[in-house]
Amino acid sequence: MKTGSLCAAPLSHCDGVSEVVAAVGEMVRADHPVHDARELLAKGYFAEARDVLREQLAAGTTTRETMVNLAIAEDRLGNLSASRALLTQLSDNEPDWDEPFLRLAESWRGAGEPAEAEAYFEAALQRNPAREEAMVALGALLVQRGAFARAQMLMLRCCCWAPHNAEAWDLLGITLQASRDDMSAAAAFAEAVRLAPERIAIVLRLGDAAMAAGKGLEELARLEQRGLEDPLDVIALTARGHLLGRLGRYHEAADILEAATCLAPKLPEAAAGLAHAMVKGTRTRETLLALDRAIALAPDDLTLRNNKAAFLVRVHRHRQAREELEALIDQHGEQSGFLCNLTNALVSLGLQEKGVATARRATELWPTESLSWRTLSNAMPYSDEVSAAELLRVNMMAGAALPRDAAPAFSNARNAERRLRIGLLSNNLRTHPVGWLTIAGFEALDPAHHDIVCISRNVADDAIQRRFRAVASDWVCLGGGEGAPGPVDDIRRRQLDIVIDLGGFGDQGLMTLCASRLAPVQIKWVGSQSHSTGLAEMDWFITDRWETPPSLARRYSERLLVMPDGYVCYSPPAYAPEVAALPALSRGHVTFGCFNNLAKITTTVIATWATILRRVEGARLVLKCHQLADAQTCERLIREFARHGVSADRIEMRGASPHRELLAQFGDIDIVLDPFPYGGGLTTCEALWMGVPTVTFPGETFASRHSFSHLSNVGLADWIARDRESYCELACHHAADVRKLAELRAVMRARVEASPLCDAPRFGRNLGAALRHAWSDWCARGAA
């Protein structure tokens, strides 16, 4: 918190020398000789004022007011030692006068020495307890260092002595917010706004306090009324837009804030509010323009710059995000948000070890912060060095660092046979891997025994979300209200029996809410399901015997719900094109491919693939993902392959494309090479549906064994390697038999369709039995 934004003590805000001089001038007769010097100070002629004042001192016209004004002139000219020496001498000569102590305090505060400043403000108040400038300035310093209780008492006193002082009411509101007295804070801010309606920072703080107090809609109505009284009131428009954003009404917020930025294109708060509102939308180009405009107006707003980098990661412009974040760190030092977003950018660029090292640095600097540990938790599954034991340890640290409410005493009826109310917790109940791999299973649950409630912050009008809406009896949109009740209370009051998390610790995940226990039984399933959650409140983990064999069960903090077939049920899209003929037949060479995220392609993977390409004469490799739309990223990968003896003409890089086109491009691939240690999930299912088998190499972690599960479910165990060398051997072996590849391709889709991977009724029965088992266990433990 910046002191300057909190108080208006004379020397802190003014170019305001006129205010300083006026304060001193009240003590001086109108015809006093210092009058000319005061005018020079007021006009900013500090050197000339100093010369006049020195002449007066030399002439023996030495008054305490002359010395104060000379100290002010010296201070403004940067001669701090001379200024402070004058004030110290004056304080020795006039020990009962508060003015020199106040000016010394301001001098030390301006020099960035808050401890010295506090001591002198205290000295000024000892001499004049009613000096409001000293109270406000000291209060701001106390707030800045987190001494909220002491600042609150001081501001209560100041508001009594000077009820006209908007800064005092503003500071009082801040201290009340810190003590979680949101209703009183809102009242204090409201008084500050009444006294200073033009102060945008105070108006915005009032909106925040009203939201926290559950009075957001009332404050919105007040701002709307203010806008009716003056439609061109840009402060009211800006505050209204910010509040609409807090209410989750992002489209309305963007419309209002666009109007505000038109009326006041140089108002930083309007531009920042517009940028934050647009980040929640889908207009990528307009959002980046809005962020750039806001940053240009407030280049020192590090939150805006960090948010821009995070948005660049979200829209797959990872190299630019990395550059932005590294520049931020160079300029402003390491901060948690910078390091965590940089981790995400680095991992997404295929620089996994750098990303993990960056996240580890964040955990070292902020060892009790949840975000740092969650970022490391998300990065580690992509690292060549990952082990199941270490990943579990990190995930447990991430879970332990989460804030949590006390678990309630659930009153759910402990009847093992009754209809279950099941909450699906995810922002990805839509066209997304979560949707493609789970919706068929939920549709196949017996509605007589399962009542489904979807819980999300995202609303999408796509085919998969429509299927979720059709199967659910209720859709809970978190964040659409005004923050009261909070999401935990909102979910708990739905009286769910089981909550299934389908999001994990990722960017869009809601699993952090599970730390406050939302239901008697909590289960982790698809959605950043890279390994055990490590969350003490997560009771069960849906898996299968390939993903989690008995030898690896001890690497999970949850109890395991082991499905008899696979752990997911794939829903192939109706628009998937027909399986193409094997391209090797017409091209005369084998084409390997990988359409996985670049985050999964490590230097070890590249070295392994290079070995395969060197062994298979004429073979080509096609890589396809969002990141490969960036030329510099492609060039870096080409150089990495060249280090291992593979020329650029054998590697083809492709960027993102619409889903149907992506599926069609599997027609160019003979064999998919699965990355490791984070293997393909949905991508492997899609390849199989398009007739393309995958060579995989499972490891210890859940993320490394997805393809192992899917291939096993369709009867392709001979495509599963036991180590890196056998991975290379398998790829070469299968590439050598083009006739067999063609035969397999011809029957692959029918084989997949008939397998447990796509057998929704069978999967639905298995899922229902697993959920019933978890529920019965809770009922039995209560009875015992």
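Residues numbered from 1 in each chain as written. Predicted model: local features only at pLDDT ≥ 70, side-chain atom pairs only at ≥ 80, totals over all residues. Heavy atoms only, no water.

**Overview of the packing of aromatic side chains**
Step number 1: Under the criterion given, the structure shown has 11 aromatic pairs.
Step number 2: Between F442 and W525, the ring centres sit 5.5 Å apart and the planes meet at 80°, which makes this aromatic pair edge-to-face. Here F442 is found in helix α25 (residues 433-443), whereas its partner W525 is found in the loop between β5 (521-524) and β6 (540-544), with 83 residues between them in sequence.
Step number 3: Its relative accessible area of 1% is what places F442 among the buried residues. (Phe/Tyr/Trp six-rings, centres within 6.5 Å; stacked < 30°, edge-to-face > 60°. Helix = DSSP H or I, 4+ residues; strand = E, 2+ residues; numbered from the N terminus. Buried < 20%, exposed > 50% of the residue type's maximum accessible area, 1.4 Å probe, protein only.)

**With respect to the confidence of the model for the chain**
Low pLDDT means the predicted atomic positions in that stretch should not be read closely.
Step number 1: Averaged over every residue, the pLDDT of the chain is 92; residues scoring 70 or more account for 94%.
Step number 2: Low pLDDT, under 50, characterises residues 480-484; the stretch is placed with 11 contacts to residues that sit more than four places away or in other chains. (pLDDT = per-residue confidence, 0-100. Contact = heavy atoms within 4.5 Å.)

**Some details on the side chain of H450**
Step number 1: Along the chain, H450 turns up in strand β2 (residues 450-456).
Step number 2: Among the residues examined, H450 registers a relative accessible area of 9% and is labelled buried.
Step number 3: For H450, the side chain forms a polar contact with the main-chain oxygen of D446, separated by 3.0 Å. (Polar contact = N/O pair within 3.5 Å; in protein donor to acceptor, adjacent residues only side chain to side chain.)

**Quick look at the pairing of β2**
Step number 1: The buried fraction of β2 amounts to 7 of the 7 residues, a majority that puts the element mostly inside the structure.
Step number 2: Both faces of β2 are covered, namely the face carrying H450, I452, C454 and S456 and the face carrying D451, V453 and I455.
Step number 3: Pairing geometry for strand β1 (residues 420-425) and β2, over 6 bridges, is parallel. Bridged to I422 within β2 is I452.
Step number 4: For the crossover from β1 across α25 to β2, the handedness is right-handed.
Step number 5: As defined by bridge partners, β2 adjoins strand β3 (residues 474-477) across 4 bridges and the pair is classed as parallel. Each bridged residue has a counterpart across the sheet, and for I455 the counterpart in β3 is V476.
Step number 6: This β-α-β element, β2 to helix α26 (residues 463-471) to β3, shows right-handed connectivity. (Pairing = 2+ DSSP bridges. Right-handed = clockwise from strand over helix to strand, strands pointing away.)

**Some points on empty space enclosed by the protein**
Empty space among the atoms can be located by rolling a probe the size of a water molecule over them.
Step number 1: What the rule picks out here adds up to 1 cavity of 30 Å³ or more.
Step number 2: There is about 80 Å³ of room inside the largest cavity.
Step number 3: Surrounding the largest cavity, 13 residues form its lining, S377, F505, S528, S530 and H531 being those nearest its centre.
Step number 4: Of the residues contributing to the lining of the largest cavity, the split by class is 2 nonpolar, 10 polar and 1 charged. (1 Å grid on protein atoms, 1.4 Å probe; cavity = no way out; pocket = protein on both sides within 12 Å on 5 of 7 lines; lining within 4 Å. Points joined across faces, edges and corners; volume = space filled by probe spheres on them. Nonpolar A, V, L, I, M, F, W, Y, C, P; charged D, E, K, R; others polar.)

**A short note on the nonpolar core**
Step number 1: In terms of nonpolar packing, the biggest core is built from 109 residues, with W525, F592 and W609 touching the most fellow members.
Step number 2: Ranked by residue count, the leading element in this core is helix α36 (residues 760-783), at 9 residues.
Step number 3: Beyond its immediate sequence surroundings of up to four residues, W609 is in contact with C594, I601, L621, L623, F641, L673, D674, P675 and Y727.
Step number 4: Of all hydrophobic cores here, the second largest spans 77 residues; its members include L244, A270, L274 and A345. (Core = buried A, V, L, I, M, F, W, Y, C linked by side-chain atoms within 4.5 Å.)

**Describing the packing of helix α15 (residues 234-246) against helix α16 (residues 250-263)**
Step number 1: For the pair α15 and α16, interaxial distance at closest approach is 8 Å and the crossing angle is 160°. Taken together, the axis directions place α15 and α16 in an arrangement best described as roughly antiparallel. Along this stretch, α15 crosses α16, giving a crossing that reads as left-handed. Along the contact surface, α15 presents V234, L237, T238, R240, G241, H242, L244 and G245, while α16 presents Y250, E252, A253, I256, L257, A260 and L263. (Axes fitted to C-alpha atoms, helices over the stretch in contact; angles between N-to-C directions. Parallel < 35°, antiparallel > 145°, perpendicular 65-115°, else oblique. Left-handed = near helix turned anticlockwise from the far one by under 90°.)

**Side note on the packing of helix α17 (residues 268-279) against helix α18 (residues 284-297)**
Step number 1: Two numbers describe how α17 lies on α18: the axes approach to 8 Å, and their chain directions differ by 155°. Considering their axes alone, α17 and α18 lie roughly antiparallel with respect to each other. Considering only the axes of α17 and α18, their crossing is left-handed. Of the residues in α18, those in contact with P268, A271, A272, L274, A275, M278 and V279 of α17 are E286, T287, A290, L291, R293, A294 and L297.
Step number 2: A breakdown of the residues in the contact of α17 with α18 according to their chemical character gives 11 nonpolar, 1 polar and 2 charged.

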